[in-house]
Amino acid sequence: MMTVTNARSFMKRFFSSVAQSRNCLQHLKERSLVQVKGPDASNFLQGLITNDINHLSDRVGSMFAMFLNIRGRILFDTLIYKTEVKDEYWVECDRIASTTLQKHLKMYKVKRQVDITGLDDYEVHVLYSSKFLDTSVTDFKSVIENAGKSDFPESSAGFRSFNSLLIFKDPRVPHMGFRILSKRIDVQSVLNSLVECDDSNSYRKLKFSLGIGEGIEDLLSGSSFPLECNCDYLHGVSFHKGCYIGQELTARTYHTGVIRKRLMPLHFSKVPTALPEGNIVINKSNLGKLRGIEGNVGLALLRVAEALELGSITVGNGEASIVKPFWWPVELPKEKLNVPTPV
């Protein structure tokens with residue numbers, strides 16, 4: 001077990017290795033970890049996830065992936081971590097869905113040599129920069145110009161470890177920062193003594209500002225499609241690997257279909273004070289559905305072409321502007337939208 005003194009020294013060295021400006025550290029109480037370990041772990045996960053586990057099988061690192069049902073709908077969105085231990089993976093998921101995920105994995109285990117257990121003694125923290133969140137809602141030009149400038153440079157190590165404390169770079173976009181996985185009894189006091197984030201610059205607000213959904217509240221289990229939730233743009237799906245559950249519809253949609261709806265960020269100039277219950281329809285033309293609001297930003301599943309053409313929309317009794325996420329491809333595959341980004 002690491003001592004508090006050694007853990008604090010290690011964390012200070014890590015903090016000094018990334019930009020110090022406006023760092024935030026937040027305990028993600030809504031996330032938990034499941035361990036998948038054994039000689040067949042790689043092949044087992046390969047047949048269940050949207051991404052290619054072979055990208056991790058020979059190295060330490062992290063990847064974004066989703067588990068789908070047979071109809072191609074999202075069951076669980078995950079970050080998968082390859083530890084330094086041979087044939088061992090840690091799967092981060094929504095805490096509410098942890099037990100269901102374990103049952104899902106065990107249902108497909110059959111005779112494979114794989115052990116599936118919950119890592120209940122580990123906690124998940126996120127380290128990120130709040131600098132991106134300070135831009136004025138109306139200053140879209142500044143948002144777009146500065147969006148690609150991460151406080152965590154590409155040269156930062158993708159993985160660091162110290163005994164039972166593991167640090168992985170988020171594999172989705174640089175602004176998502178780092179995940180810190182640790183035993184609470186070892187480093188809780190150390191992490192609490194370091195920089196913390198206030199509610200005005202929360203991790204949920206960061207996700208929504210980037211147009212990224214996470215967990216069963218943002219990505220409705222059993223009804224959301226991976227490509228509509230930007231799984232392809234976030235490096236979470238492989239179109240070159242073999243079959244996996246839900247692969248047929250996902251591949252067919254990508255190769256022959258048009259993805260008309262996607263999760264996108266909303267920047268509110270007037271935050272709604274009253275919203276109807278359930279999935280909120282945006283505008284009278286059924287432009288899309290709201291997933292959530294945090295502060296003056298929101299996340300919604302929108303018809304991309306129509307949303308960008310409108311530029312601003314009504315949500316309940318509020319008003320919001322739409323900005324195309326900077327991390328989307330310059331030219332959207334298949335769709336080839338010619339709608340200019342609002343400035």
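Everything in this summary refers to the structure shown in the same document. Residue positions within a chain follow its written sequence, with the count starting from 1. The model is predicted, so local features are restricted to residues of pLDDT at least 70 and side-chain atom pairs to those at 80 or more, both for listing and for counting; the totals for chains, interfaces and linings are taken over all residues. Hydrogens are left out, water is left out, and the side-chain values use all remaining heavy atoms of the structure.

A few words on the overall build of the chain. For the chain, the count of helices and strands is nine helices and 16 strands. Only heavy atoms matter for contacts: two residues are in contact if any of them lie within 4.5 Å across the pair. Taking as baseline every contact in the chain between residues at least 6 positions apart, the subset at least 24 positions apart corresponds to 72%. All accessible-area figures derive from a Shrake-Rupley calculation using a 1.4 Å probe, and residue coverage is judged against the displayed protein chains alone. In the form shown here, the chain has an accessible surface area of approximately 15,400 Å², with 49% of it arising from carbon and sulfur atoms. Helix and strand labels come from DSSP, where a helix needs a run of H or I of at least four residues and a strand needs a run of E of at least two; each type is numbered from the N terminus.

Another point: the environment of isoleucine 216. Tracing the sequence through the fold places isoleucine 216 in the loop between helix 7 (203-210) and helix 8 (247-256). A C-alpha to C-alpha distance of 8.3 Å links isoleucine 216 and isoleucine 96, two positions 120 residues apart in sequence. Filtering out sequence-adjacent residues up to four positions away, isoleucine 216 remains in contact with Asp94, Ile96, Ala97 and Ser221.

Looking now at the sheet that holds strand 10 (residues 178-183). The strand order across the open sheet formed by five strands is 1-7-10-9-8, and the pairing between neighbours is antiparallel. This sheet does not close on itself; its edge strands, each paired only once, are strand 1 (23-27) and strand 8 (159-162). Direction aside, neighbouring strands of the sheet carry axes that sit 20 degrees apart on average. One ladder, built from five bridges, connects strand 1 with strand 7 (residues 122-129); its direction is antiparallel. Pairing of glutamine 26 across the sheet is with valine 126, part of strand 7. Sitting on the sheet, helix 7 touches strand 1, strand 7 and strand 10, and the angle it makes with strand 7 is about 55 degrees. Two strands are said to pair when DSSP picks up at least two bridges between them. The axes used here are C-alpha line fits, helices contributing only the stretch in contact, and every angle between their N-to-C directions lies in the interval 0 to 180 degrees.

This next bit is on the environment of glycine 118. Take glycine 118: it is sitting in strand 6 (residues 115-118). Here the alpha-carbon distance between glycine 118 and glutamine 102, two residues 16 residues apart in the chain, equals 7.7 Å. For glycine 118, the contacting residues outside a window of four places in its chain are Leu33, Val34 and Gln102.

Strand order in this open sheet of five strands is 3-4-5-2-6, and the pairing throughout is antiparallel. Looking at the sheet topology across the chains shown, the edges are occupied by strand 3 (61-68) and strand 6. Strand after strand, the sheet turns through a mean of 25 degrees between neighbouring axes, direction not considered. Two elements, strand 4 (residues 74-82) and strand 5 (residues 88-94), share four bridges in a ladder whose sense is antiparallel. Bridge assignment links lysine 82 to a residue of strand 5, and that residue is tyrosine 89.

Read these as geometric descriptors, not functional statements.
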